[in-house]
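Remarks on the overall topology
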Amino acid sequence: MGDGADMTTSEERRLGDRIIRELYRDPDYIDDAVLNEYVQHLFMQLLKASRERGELSPELEERFAWEVLLGRDRTVNAFALPGGYFGVHLGLVAVVSTRDELASVLAHELSHVTQRHISRLIAQQSRQTPLVLGAMVLGALAASKNPGAAQAMMVGGQALAVQNQLNFSRDMEREADRVGYSIMAPAGFAPQGFVSMFDKLQQANRLNDNGSWPYLRSHPLTTQRIADMHSRVPAGTPPAPPPTLEHAMVAARARVLMRPGVDAWRQWEAEPRTTGFASRPAAQRAAAWYAAVLSAVQLREVSAAREGLKSLDAVVRGDPAAERQARLLAAEVDMAAGDVRMAAQRLAQAPAAGAGAAGAPGSAPGGAAAEPPSAPASASLSIADLERAERGGVMGGAGASVGASGVGRPELILRTQALLRANASAEMIGPLQTWVATYPRDATVWQLLAAVWQQQGDTLRSVRAEAEAQAARYDYQAAVDRFRAGQDLSRKSAAASDYVEASIIDTRLRAMQSLLKEQAAER
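Residues numbered from 1 in each chain as written. Predicted model: local features only at pLDDT ≥ 70, side-chain atom pairs only at ≥ 80, totals over all residues. Heavy atoms only, no water.

**So, the overall build of the protein**
Across its full length, the protein carries 24 helices and four strands. Per-residue burial over the protein gives 54% buried out of 523 residues. When contacts within the protein are restricted to residue pairs at least 6 apart in sequence, long-range pairs at least 24 apart make up 74% of them. Carbon and sulfur atoms make up 53% of the accessible area of the protein, which totals about 22,100 Å². (Helix = DSSP H or I, 4+ residues; strand = E, 2+ residues; numbered from the N terminus. Buried < 20%, exposed > 50% of the residue type's maximum accessible area, 1.4 Å probe, protein only. Contact = heavy atoms within 4.5 Å. Areas by Shrake-Rupley, 256 points an atom, 1.4 Å probe, with all protein chains shown as cover.)

**Examining the pairing of strand 2 (residues 67–71)**
Of all five residues in strand 2, five are buried; the element is thus mostly enclosed. What you see with strand 2 is no split at all: Glu67, Leu69 and Gly71 on one side and Val68 and Leu70 on the other are buried throughout. Pairing of strand 1 (residues 29–30) with strand 2, which is carried by two bridges, proceeds in the antiparallel orientation. Following the sheet pairing, Ile30 is matched in strand 2 by Leu70. Sheet topology note: the strand 2/strand 4 (residues 85–89) ladder contains five bridges and is parallel. Across the sheet, residue Val68 finds its bridge partner in strand 4, namely Phe86. (Pairing = 2+ DSSP bridges.)

**A look at the packing of helix 13 (residues 262–270) against helix 14 (residues 282–298)**
Remark: helix 13 packs on helix 14, axes separated minimally by 7 Å, with the N-to-C direction vectors making an angle of 135°. Considering the angle they form, helix 13 stands oblique to helix 14. Remark: the crossing between helix 13 and helix 14 carries left-handed chirality. Residues Trp265, Trp268 and Glu269 of helix 13 form the contact with helix 14, whose participating residues are Ala288, Ala291, Ala292, Ser295, Ala296 and Gln298. (Axes fitted to C-alpha atoms, helices over the stretch in contact; angles between N-to-C directions. Parallel < 35°, antiparallel > 145°, perpendicular 65-115°, else oblique. Left-handed = near helix turned anticlockwise from the far one by under 90°.)

**Remarks on the packing of helix 14 against helix 16 (residues 320–336)**
Two elements in contact, helix 14 and helix 16, have axes separated by 10 Å at closest approach and are oriented at 20°. What the angle tells us is that helix 14 and helix 16 run roughly parallel. Crossing geometry of helix 14 relative to helix 16 is assigned as left-handed. For the pair formed by helix 14 and helix 16, the contact residues are Tyr290, Val293, Leu294 and Val297 on the first element and Gln325, Leu329, Glu332, Val333 and Ala336 on the second. Residue classes in the contact of helix 14 with helix 16 are distributed as seven nonpolar, one polar and one charged. (Nonpolar A, V, L, I, M, F, W, Y, C, P; charged D, E, K, R; others polar.)

**Observations regarding the sheet that holds strand 4**
With respect to topology, four strands assemble into an open sheet ordered 1-2-4-3, the strand pairing being mixed. Each edge of the open sheet is held by one strand with a lone partner, namely strand 1 and strand 3 (78–81).

**Details of unusual backbone geometry**
Although it is not a glycine, Arg116 adopts a positive phi angle of roughly 60°. Residue placement: Arg116 occurs in the loop between helix 5 (99–114) and helix 6 (117–126). For Arg116, a relative accessible area of 9% gives the class buried.

**Some words on the nonpolar core**
In this structure, Leu46, Trp66, Val88 and Leu312 are the most contacted members of the largest nonpolar core, which totals 81 residues. Ranked by residue count, the leading element in this core is helix 14, at 12 residues. Counting 33 residues, the second largest nonpolar core, distinct from the first, contains Val34, Leu419, Tyr439 and Ala450. (Core = buried A, V, L, I, M, F, W, Y, C linked by side-chain atoms within 4.5 Å.)

**Some thoughts on the packing of aromatic side chains**
Evaluated as defined, the whole model comprises 10 aromatic pairs. Seen from their ring centres, Tyr181 and Phe194 are 6.1 Å apart, and the 55° between their planes marks the pair as tilted. One end of the pair, Tyr181, is in helix 9 (residues 159–184); the other, Phe194, is in helix 10 (residues 193–204), and 13 residues separate them in sequence. The pair formed by Tyr181 and Phe194 is uniform in burial state, with each residue classed as buried. One residue, Arg461, lies across the ring of Trp453, its end atom 5.2 Å from the ring centre. (Phe/Tyr/Trp six-rings, centres within 6.5 Å; stacked < 30°, edge-to-face > 60°. Lys NZ or Arg CZ within 6 Å of the ring centre and 35° of its normal.)

**Remarks on the confidence of the model for the protein**
Model confidence for the protein is summarised by a mean pLDDT of 80, while 75% of its residues fall at 70 or above. A low-confidence stretch, residues 129–163 stays under pLDDT 50, and its non-local contacts, those more than four residues away or across chains, total 39 contacts. Low pLDDT, under 50, characterises residues 352–380; the stretch is placed with 85 contacts to residues that sit more than four places away or in other chains. (pLDDT = per-residue confidence, 0-100.)

**Describing the side chain of Glu468**
With respect to the helices, strands and loops of the structure, Glu468 is situated in helix 22 (residues 459–472). On the basis of relative accessible area, Glu468 is assigned to the buried category, the value being 3%. Looking at Glu468, its side chain comes within polar contact range of the side chain of Arg464, at 2.9 Å. A polar side-chain atom of Glu468 sits 2.8 Å from a polar atom in the side chain of Arg508. (Polar contact = N/O pair within 3.5 Å; in protein donor to acceptor, adjacent residues only side chain to side chain.)

**With respect to the pairing of strand 3**
Here strand 3 pairs with strand 4 via four bridges, running antiparallel. Bridge pairing links Ala78 to Val88 in strand 4. In this antiparallel pair of consecutive strands, strand 3 and strand 4, the connection spans three residues, and Gly83 shows a positive phi of 80°.

**Notes on helix 17 (residues 340–348)**
Along helix 17, the residues classified as buried are Val340, Ala343, Ala344 and Leu347. Buried residues in helix 17, looked at end-on, bunch into an arc of 95°, giving them a common side. (Arc of directions from axis to C-beta.)

**Re the pattern of salt bridges**
This structure, assessed with the given rule, holds 30 salt bridges. Between Arg25 and Glu22 there is a salt bridge, with its nearest N and O atoms 3.5 Å apart. Note that Asp334 is salt-bridged to Arg346, the shortest N-O span being 2.8 Å. With a gap of 12 residues between them, Asp334 in helix 16 and Arg346 in helix 17 connect regions that are remote in the sequence. Assessed through its relative accessible area of 27%, Arg346 is described here as partly exposed. By sharing partners, the salt bridges in this structure join Asp458, Arg461, Arg464, Glu468, Glu501 and Arg508 into a single network. (Salt bridge = Lys/Arg side-chain N within 4 Å of Asp/Glu carboxyl O.)

**Overview of the environment of Ile183**
Locating Ile183 in the fold gives a position in helix 9. Given the relative accessible area of 1%, Ile183 is considered buried. The spacing of Ile183 and Leu47 is 136 residues in sequence and 8.8 Å in space, taken between C-alpha atoms. Those residues in contact with Ile183 that lie beyond four places of it in its chain are Leu46, Ala49, Ser50, Arg53, Ala107 and Leu110.

**Here we look at the side chain of Thr9**
Mapped onto the fold, Thr9 is located in helix 1 (residues 9–24). Those residues in contact with Thr9 that lie beyond four places of it in its chain are Glu59, Leu60, Arg63, Phe64 and Arg116.

Structure (structure tokens):
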């Protein structure tokens, strides 16, 4: 379908950065360490398979972000953005039954990017007049809600151009299905996940999709896509594997964190006590107990949460990945109960964690385990550390999985939060610095590092970490403000130990000012 040469990869990445800057500010944006780790790990497996099959060029792999953002939206949806950014709604994570179904959606969206669909779509749109573009956008939005309104809107001289654009999008969707399906098996997923996922999409859309006006759609009819995927599954293919306990628990977490309301939380809290619950499959029981415990935490009913944990532990015993999820949940319960020392101890005793699905070790897109450079606990990260990590890392965002010590991002974040509340966070300086040296766009960890430095009385390093957190979210104005605050603070300090930190702040301030000028020029 072409190579998208009308828009360079650098231009597409800059466009993606501008869009993602707004999404970070969206109230629905959520950086939940457990969900982020699970989704990003599945995504990285697909990215590795895509590269090995030749779908991902070295240029795209180096220049694009390859970062997944989560939103609390309850709709069953995911989307691709310019520059290798992806969005996943919690509603999607909550409704999928298996990791293969979730992987099929991620594979589809990944293929939109690797096949340069976005740049080609932008190039196609740029050939139209603004008036026609406006009609196309309004018509596409209306088609998702009211096909009749869309038909009425797309009339007159604009109809042909709009129709051509929508046809172009349908071809992209078919290609994304085909390419996405082709990388499922090499990535370790059952391709049948595509078929079962389309069934769920059809059910999710049944209330506002009557199947009419297929020529007004930017996506092909779901029934057409289901038929295409059925035709690709070879005869005699065994059924997809059943859901894992870990996936069932992650889906339950997504349901609870969508903020469904007190009534839903109370319903989930009571579900394990319903008649016939004990005869359900283990995955369903694990999901129900997990939802019950987390709902009790949301309702601040700690005693009920602790009781539910005992039953959850009994269900997941013997499954390492599920046991890890239960342990992380138990640490959250401890913190909700105010027992931060117990939470920190529980996380410290956790074995070296594999990230994401089935407890597999987190890996960089090249397949090698991520090996972050060491960072001394007593010193600040140098400019060279940041520049080396920014050049070499594609997992720079919140989806990073496992650090050098084998401890996952959820353990790192939860343990730091617990020790901060216990006023004993000094031991986390080294692990946090090591993490951000490898994943410099992890704003959440930068914020935690700032809080740790502040608790240790090192205000200058705390301010610099706050600035780096703002830079990681592409809020360069806020980063400039914090770096300037650091400059003012360093001038007032006569401590010789602050000289290196002050030099780093000066250099990073100049870099942020340059990026801020670029942002202003883009506007």
